[in-house]
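Residue strings, one per chain:
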Amino acid sequence: MTEQAAPVAEFSDVEDTRTRFRDAGYLADDRLATTVFLLSRLDKPVLLEGPAGVGKTQLATSLAEVTGRRLIRLQCYEGQDETKALYEWDYGKQMLYTQILREKIGQVVEDAADLQEAVERIAQQDSIFFSERFLAARPLLEAITSEEPVVLLIDEVDRADEALEAVLLELLSEFQISIPEVGTIRAKTLPYVVLTSNNTRDLSAALKRRCLHLFLDYPEADRELEIIRSKDTGLSEALATRLVEIVRGLRDLELRKSPSISETIDWARTLAVLGVEELTADVLSATLNVVVKYERDLEKARRALPGMVDPNATVPDSLGHGHGHGHGHDADHAHDGTDAGPDGRAVRAAKDQPGRHDAAYAGNGRSSEEGRPPKVVPTGQGERSFAARSARKRPV
Ligand SMILES: Nc1ncnc2c1ncn2[C@@H]1O[C@H](COP(=O)(O)OP(=O)(O)O)[C@@H](O)[C@H]1O
Ligand SMILES: [Mg+2]
């Protein structure tokens, strides 16, 4: 294989990786920094799986930035075929050339005895028109043929059909692409390849085997706070700390779409712009649409907010009228219904079992894991609930 181009500085170790990402505004934890370091040393693609908005795409963008490599992005979607991912023949250019070369082509068939022979002669020239010159490179081929090493981002690969996933296999293990008319094109320089998946369907074992795999979950509270801090949202440290707790509480609600890091950032900015000095249930409720995007999620979140802000608050029956004005309490166990009292919360908690909406949302009529007791899952819960949710939501 060909040599690496010179100007790209390699990561010297995990710490160096982490520092360079931090300088570029991306805060990586140990696992993440280690995975990226290995990606750069083992020439193995990395597959990042996890819920939306946890920094998967951004990781690839930042990787390009800190290594000075160009980012080539393949955004996957349903029905995408290899002509959009790998290459297609540049029909327009082929036509143009045949037009210009009309006379020359005429000479080739001039003295052909019959049509059959003329066709044979033209066919012998096939390889001219189906050569690299007439290839229109799409992102995958572009990454392979680039003179300079690049970062190749294959984004949301779970949206692509399985057929396209199969096409990726050769590229991912051999860094090469076979084109029947041309032959095998090997990478001039090895790209750093980052694949992301939101887990809407299982990826093939073959694909996973070729990659370093990392599950990116919602960050720990500390790191999320650090990310918020790094974005200069204008929100005070104390309020940002509370806000992160509240968002973590919302994530425990198993909403159709849990708020992600970017939404926490947006919420912090919104509250700062409004000049909010105290995170009351009212103020949070009024701005909740910044982080919660589905109507039914909004209802659910509004009901839970007063309990998160003040676990002793009495929740009124009508929606959106939270009266909790209390102060700090660990959001992790303030809202999960375990404290459902005689004031009607038990009834609501029963209705609000995790996953209640999912069967309907997925439109598959299957009931979700019914009858589970309300959970208290302070750590690692995102991963599990995410896995459960994505399993339920697989397209039918
Ligand atoms: N570790 C991080 N450090 C800094 N910002 C982050 C981090 N993770 C996520 N973000 C922020 O969250 C936003 C959304 O991330 P994105 O990469 O689009 O999510 P995903 O691709 O996982 O859906 C990013 O643009 C960035 O502002
Ligand atoms: Mg993304």
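Summarised in this report is the structure supplied together with it. (Residues numbered from 1 in each chain as written. Chains lettered and ligands numbered in written order. Predicted model: local features only at pLDDT ≥ 70, side-chain atom pairs only at ≥ 80, totals over all residues. Heavy atoms only, no water.)

1. Observations concerning the overall build of the protein chain
Part 1 of the reasoning: The secondary structure content of the protein chain amounts to 19 helices and 9 strands.
Part 2 of the reasoning: For the protein chain, the proportion of its 396 residues judged to be buried stands at 48%.
Part 3 of the reasoning: On the protein chain, roughly 19,100 Å² of surface is accessible, and the fraction owed to carbon and sulfur atoms is 52%. (Helix = DSSP H or I, 4+ residues; strand = E, 2+ residues; numbered from the N terminus. Buried < 20%, exposed > 50% of the residue type's maximum accessible area, 1.4 Å probe, protein only. Areas by Shrake-Rupley, 256 points an atom, 1.4 Å probe, with all protein chains shown as cover.)

2. Details of the packing of aromatic side chains
Aromatic ring pairs: the centre-centre distance and the angle between the two ring planes describe each pair.
Part 1 of the reasoning: If you walk through the whole model with that rule in mind, you get 6 aromatic pairs.
Part 2 of the reasoning: Taking 4.9 Å as the distance between ring centres and 85° as the angle between the ring planes, the aromatic pair formed by tyrosine 97 and phenylalanine 134 counts as edge-to-face. Of this pair, tyrosine 97 sits in helix α5 (residues 91–100) while phenylalanine 134 sits in the loop between α8 (126–129) and β4 (135–137), and the two are 37 residues apart along the sequence.
Part 3 of the reasoning: Residue phenylalanine 134 is classed as buried on the basis of its relative accessible area, which comes to 2%.
Part 4 of the reasoning: Grouped by ring-pair contacts, the aromatic residues Phe11, Phe21 and Tyr26 constitute a single cluster.
Part 5 of the reasoning: The positively charged end of arginine 69 is found above the aromatic ring belonging to tyrosine 192, 3.5 Å away from the centroid. (Phe/Tyr/Trp six-rings, centres within 6.5 Å; stacked < 30°, edge-to-face > 60°. Lys NZ or Arg CZ within 6 Å of the ring centre and 35° of its normal.)

3. As for the site of ligand 1
Part 1 of the reasoning: Among the 16 residues in the neighbourhood of ligand 1, the closest are listed as Leu27, Gly53, Lys56, Thr57 and Gln58.
Part 2 of the reasoning: Side-chain polar atom of arginine 223 to a nitrogen atom of ligand 1: 3.5 Å apart, as the coordinates give it.
Part 3 of the reasoning: Within the side chain of lysine 231, an N or O atom sits 3.4 Å from a nitrogen atom of ligand 1.
Part 4 of the reasoning: Protein contact buries 84% of the 570 Å² of open area that ligand 1 shows by itself.
Part 5 of the reasoning: Taken together, the residues that form the shell around ligand 1 break down as 7 nonpolar, 6 polar and 3 charged.
Part 6 of the reasoning: Domain assignment of the residues forming the shell around ligand 1 places at least three in each of domain 1 (14–86 + 140–215) and domain 3 (221–392). (Near = heavy atom within 4 Å. Polar contact = N/O pair within 3.5 Å; in protein donor to acceptor, adjacent residues only side chain to side chain. Nonpolar A, V, L, I, M, F, W, Y, C, P; charged D, E, K, R; others polar. Domains from an automatic or database assignment.)

4. Some details on the nonpolar core
Part 1 of the reasoning: Judged by nonpolar contacts, the single largest core of 37 residues is most densely connected at Leu140, Ile154 and Leu195.
Part 2 of the reasoning: Of all the secondary-structure elements, those providing two or more residues to this core are β2 (70–75), β3 (87–89), α9 (139–145), β5 (150–155), α10 (162–174), β6 (176–179) and β8 (192–197).
Part 3 of the reasoning: At 6 residues, the largest contribution of residues to this core is made by α10.
Part 4 of the reasoning: Residue contributions to this core reach at least three from each of two domains, namely domain 1 (14–86 + 140–215) and domain 2 (89–134).
Part 5 of the reasoning: Non-local contacts of leucine 195, meaning those with residues more than four positions away in its chain, are made with Pro45, Val46, Leu47, Leu48, Ile154, Val157, Leu168, Leu172, Leu207 and Cys211. (Core = buried A, V, L, I, M, F, W, Y, C linked by side-chain atoms within 4.5 Å. Contact = heavy atoms within 4.5 Å.)

5. So, helix α2 (residues 30–42)
Turn by turn, an α-helix covers 3.6 residues, leaving residues three or four places apart pointing in a common direction.
Part 1 of the reasoning: Helix length check: α2 (13 residues) gives 18 Å between terminal C-alpha atoms against 18 Å at 1.5 Å per residue, within 8%.
Part 2 of the reasoning: Buried-residue contacts for α2 involve α1 (14–23), β1 (46–49), α3 (56–67), β8 and β9 (212–215).
Part 3 of the reasoning: Aspartate 43 lies just past α2 and shows a positive phi near 50°. (Expected span 1.5 Å × (residues − 1).)

6. So, a nonpolar patch on the surface
Part 1 of the reasoning: On the surface, a cluster of nonpolar side chains totalling about 290 Å² of accessible area is made up of Leu96, Ile100 and Leu101.
Part 2 of the reasoning: Along the polypeptide, leucine 96 turns up in helix α5. (Patch = residues over 30% accessible without salt bridge, like charges linked within 9 Å, V, L, I, M, F, W, Y side chains within 5 Å. Salt bridge = Lys/Arg side-chain N within 4 Å of Asp/Glu carboxyl O.)

7. Quick look at the packing of helix α12 (residues 221–230) against helix α14 (residues 261–273)
The geometry of a pair of packed helices is captured by two quantities: the angle between their axes and the separation between those axes.
Part 1 of the reasoning: Taken N-terminus to C-terminus, the directions of α12 and α14 make an angle of 50°; their axes are 10 Å apart at the nearest point. Here α12 lies oblique to α14, going by the angle between them. Regarding α12 and α14, the two cross each other, and that crossing is right-handed. Across the interface between the two elements, Glu224, Ile227 and Ile228 of α12 pack against Ile261, Thr264, Ile265 and Ala268 of α14.
Part 2 of the reasoning: For the contact of α12 with α14, the residue count by class is 5 nonpolar, 1 polar and 1 charged. (Axes fitted to C-alpha atoms, helices over the stretch in contact; angles between N-to-C directions. Parallel < 35°, antiparallel > 145°, perpendicular 65-115°, else oblique. Left-handed = near helix turned anticlockwise from the far one by under 90°.)

8. Notes on the environment of aspartate 155
Part 1 of the reasoning: Looking at the element boundaries, aspartate 155 is found in strand β5.
Part 2 of the reasoning: Sequence spacing of aspartate 155 and tyrosine 77 is 78 residues, and the spatial spacing of their C-alpha atoms is 9.2 Å.
Part 3 of the reasoning: At 3.0 Å, the side chain of aspartate 155 forms a polar contact with the side chain of threonine 57.

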